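Results of the structural survey
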Amino acid sequence: MILNTVILLGGIGLVFGFILAVAAKKFAVPVDPRQEHLLRILPGANCGACGFPGCSGYAEAMIKEGADPGLCTAGGTETVEKIGEILGREASLRERRVARVLCGGRDCEQKFNYVGINECYAASSVAGGFKSCRYACLGLGDCVKACNFDAIRWEPGKIPEIIPQKCTACGKCIEACPVNVIKLIPEKAEVYVKCGSHDKGPSVKKICKAGCFACRICVKFCPEKAITIEENLAVIDYSRCNGCGICVKKCPSKTIIYTEKHSSKEPEERSKKKKNAESQATNHS
Amino acid sequence: MFSFKGGVHPPEKKGLTAQKRIEHAPIPAKVIIPLSQHTGKPAKPVVHPDEEVKTGQKIAESDGFISLPVHSSISGKVVDICPHPNTIGKDMLSIIIESDGKDEPVEDLNSNREYFCFSDDEIRDIIRDAGVAGLGGAAFPTHVKLTPPEYSEIDTVIINGCECEPYLTCDHRLMLEYSHGIIEGLKIIMRLVHADRGIIAVENNKMDAIETLTREIKRKPNVELAVVKARYPQGAEKQLINAVLGRVVPAGKLPLDAGVIVSNVGTAVAIKDAVIKNRPLIDRVVTVTGTGIKDPKNLLVRIGTKFRDVIDFCGGLSGEPGKIIAGGPMMGIAQYTLDVPVVKGTSGILVLNDPEVFTEEYNCIRCGRCVDICPTCLFPYAIYRNVRHKKWDAIKKYNVFDCMECGACAYVCPARLNLVQSVKIAKNHTSRENK
């Protein structure tokens, strides 16, 4: 009895095994081994920061279409270097950037009490948001829910804080934010303008203590001429900024602030760096 | 009795003002007249700051076919043309006029005239130049509605006197006090669209208005009265047509595709005032009511009067207001300031003290009550779920644009879901995508 069963099932197994083995040889799709290798190196978060559908899509695109190997911001320099080795191509990570919340309105007045679906995208559709500034962070946490990397620290009702070490600049939070208060800025930046209001100076001053009201003091004092006022808002040109911090000290509303990159540096180092930069500039000229 | 599928019947609360005659509100010291009080393109201002204007003078010209001119509702001086908070919640370009206290009218305001000698197009022009918009709430330009395309065969005009929103009584009072004007207005509409049947539809909770109108239409063979059941939203165009005539207006089509024109009683009076009395739309009846008002009233208010001035005339607020709503409690829009002006679409100012505001949403229990009562046969719970999960593609098959945002679903929802808000978000998102 048992023997019969064993022979029957074993026989069926052998036949199917043989068919599968033949099919696997005959209909095999040639996959570039590098593609699988790449897929193992990529972080596997499927965040979409590279612009391709997930990590496997990016790996395929790099092999078949020759996509730029430096697009994986989530993986960082290490991953990109490894990708370069596999592909035998020069690969360098695009300048690393991090997302920052450009709103410092901690005690921004509320226009009205909002009652409704408790999410930013819903609140922003009611009379342009319940904050008195229409560029203000609503603080209901849509960005936190969108972040795949747990890089946003947030308490309900407060302005979220992005942890730069964890941020991969994938752009999910920027997409989720209905008031466009999150922007990508270079990671190496030492100062940034924590305000996104394009309203005219007096009306900003009326409703917000921490907003940029385009007084132009930073423009005047910046030794590198890195700051300009665009649509009533100070904009820093990071290719010129050397992080001296004069703008932070002069800003009357404390809108321009240091990033954590700055505080970790010694003042002597800064002066050295500046001297280097100057000597380079003189060399160039 | 006539009625439609679905709907709800919230407490009417009309007793606060139903028996109060329409009073004239005093001329305000300052009016704020938004350039866009109607559906369509905003008007273009034709006055400048510091210019003297008279009551009834045109201060902004219509810009295109679906647009309306705007008139000064008082005499005085134009102070400024600047953005100002509006009842829809956004700042809107408005003409601000300071009163000189004289209320001096333009020359031929309130003159009596016969309109039989005018051609149809001339009458339509008069209605457009008077800035008449639908006074039921949506404020659609009336001359557009009265210009049916060639192919349409309109046989019936329905005057909508349902006033199904709780609290509001302005249409009720109009039917009692201006019943003659309503019939005159109906006659003008019937002439313009070549309809030979006129129906005035009134809910069965306004028996005194039904009596008055029955007396008024006695010797008018082609005007009849339809008594409909008191049910919300009986006054919605498509529901009313279905209830009274048994016709169904297809989704995405207009009432005129079913051969009907529906007009609010207030609009009928405004049409009559414009055509016979040469009086542009510079005032409207507003019900000022709610537990938060000391002395609730029905008022004839000049367009552009601030809510604050209107409420002050009604004895002021009786306490710290919990919620201020422009319009009725079901479809009205909550306001965050009393500086907003009364516009053409403002049928009521409702102030609720200590309102039953439910801030907490619970989970949907799939009871299906919202589906049962939806007068347009939509699935509100499914729209809500897809909006919360941001599945914008999935929403497309739920016909969100058929929703008129009557709020009946949110009223019956035991989980207090913000169903109407989710529909509004879905509509916004879809129309933005389509662009």
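Residues numbered from 1 in each chain as written. Chains lettered and ligands numbered in written order. Predicted model: local features only at pLDDT ≥ 70, side-chain atom pairs only at ≥ 80, totals over all residues. Heavy atoms only, no water.

Residues and elements named next belong to chain A. Relative to the helices and strands, T255 resides in the loop between helix 10 (246-250) and strand 8 (256-258). Among the residues examined, T255 registers a relative accessible area of 2% and is labelled buried. If sequence neighbours within four positions are ignored, T255 has contacts with Y192, V193, K194, C195, A210, G211 and C212. (Helix = DSSP H or I, 4+ residues; strand = E, 2+ residues; numbered from the N terminus. Buried < 20%, exposed > 50% of the residue type's maximum accessible area, 1.4 Å probe, protein only. Contact = heavy atoms within 4.5 Å.)

Quick look at the interface of chain A and chain B now. Taken together, the 14 residues of chain A in the interface contact 16 residues of chain B. Overall, the association of chain A and chain B removes approximately 1100 Å² of surface from exposure, summing both partners, and the carbon and sulfur fraction of that is 61%. Among the residues of chain A in contact with chain B, V115, I117 and Y121 of chain A are the three that bury the most area, contributing 48% of the side total. Our enumeration of links across chain A and chain B arrives at 2 salt bridges. Notably, a salt bridge pairs K390 of chain B with D142 of chain A, separated by 3.8 Å at the nearest N-O pair. Our enumeration of links across chain A and chain B arrives at 5 residue pairs in polar contact (both at pLDDT 80 or more). Per element, the largest residue contribution to the side of chain A that touches chain B is 3 residues, and it comes from helix 5 (residues 120-123) of chain A. Along the lines of polarity and charge, the residues of the side of chain A that touches chain B split into 9 nonpolar, 2 polar and 3 charged. (Buried area = accessible area lost by both parts, 1.4 Å probe. Salt bridge = Lys/Arg side-chain N within 4 Å of Asp/Glu carboxyl O. Polar contact = N/O pair within 3.5 Å; in protein donor to acceptor, adjacent residues only side chain to side chain. Nonpolar A, V, L, I, M, F, W, Y, C, P; charged D, E, K, R; others polar.)

Attention now goes to the domain arrangement of chain B. Residue and element names in this part refer to chain B. Parsing chain B into structural domains produces domain 1 (120-277) and domain 2 (369-434). Taken over C-alpha atoms, the centre of domain 1 sits 29 Å from the centre of domain 2. Of the roughly 440 Å² buried between domain 1 and domain 2, counting both surfaces, carbon and sulfur atoms make up 62%. Counting the surface domain 1 buries against domain 2, the share from its top three residues, Y232, P233 and Q239, is 71%. Between domain 1 and domain 2 we count 2 residue pairs in polar contact (both at pLDDT 80 or more) in total. Of the residues contributing to the side of domain 1 that touches domain 2, the split by class is 4 nonpolar, 2 polar and no charged. (Domains from an automatic or database assignment.)

All names here are of chain B. By size, the foremost hydrophobic cluster in this structure holds 45 residues, and its most contacted members are I127, V157, I159, I182, I200, I271 and V275. Elements that contribute at least two residues to this core include exactly helix 1 (120-129), strand 9 (156-161), helix 3 (170-177), helix 4 (179-193), strand 10 (197-203), helix 5 (207-216) and helix 7 (265-276). Setting aside residues up to four positions removed in sequence, V157 forms contacts with L186, I189, M190, V193, A195, R197, G198, I199 and I261. (Core = buried A, V, L, I, M, F, W, Y, C linked by side-chain atoms within 4.5 Å.)

Bringing the sheet that holds strand 1 (residues 22-24) of chain B into the picture now. Residues and elements named next belong to chain B. On the basis of which strands lie adjacent, the open sheet formed by 6 strands has the order 1-14-13-17-15-16 and mixed pairing. Each edge of the sheet is formed by a strand with only one pairing partner; in this case those strands are strand 1 and strand 16 (333-335). Direction aside, the axes of adjacent strands within the sheet are offset by 30° on average. Bridge analysis of strand 15 (residues 321-326) against strand 16 gives 3 bridges, and the strand direction is antiparallel. (Pairing = 2+ DSSP bridges. Axes fitted to C-alpha atoms, helices over the stretch in contact; angles between N-to-C directions.)

The next point concerns helix 2 (residues 33-41) of chain A. Structural remark: α-helix, 3.6 residues per turn; residues separated by three or four positions point the same way. Residues and elements named next belong to chain A. The complete set of buried residues in helix 2 reads Q35, L38 and I41. Projected down its long axis, helix 2 shows its buried positions confined to an angular sector of 120°, all on one face. Exposed residues on helix 2 whose side chains face more than 90 degrees from its buried face are P33 and R40. At its buried positions, helix 2 is contacted by helix 3 (54-64) and helix 4 (76-87). One side-chain oxygen at the N-terminal end of helix 2 lies 2.9 Å from the backbone nitrogen of R34; it belongs to D32. (Arc of directions from axis to C-beta.)

Right, let's get into the packing of helix 3 of chain B against helix 5 of chain B. All names here are of chain B. At a minimum axis separation of 8 Å, helix 3 and helix 5 run at an interaxial angle of 35°. Judged by the twist between their axes, the crossing of helix 3 over helix 5 is left-handed. For the pair helix 3 and helix 5, contact is made by H172, M175 and L176 and by D208, A209, T212 and L213, respectively. Of the residues contributing to the contact of helix 3 with helix 5, the split by class is 4 nonpolar, 2 polar and 1 charged. (Left-handed = near helix turned anticlockwise from the far one by under 90°.)

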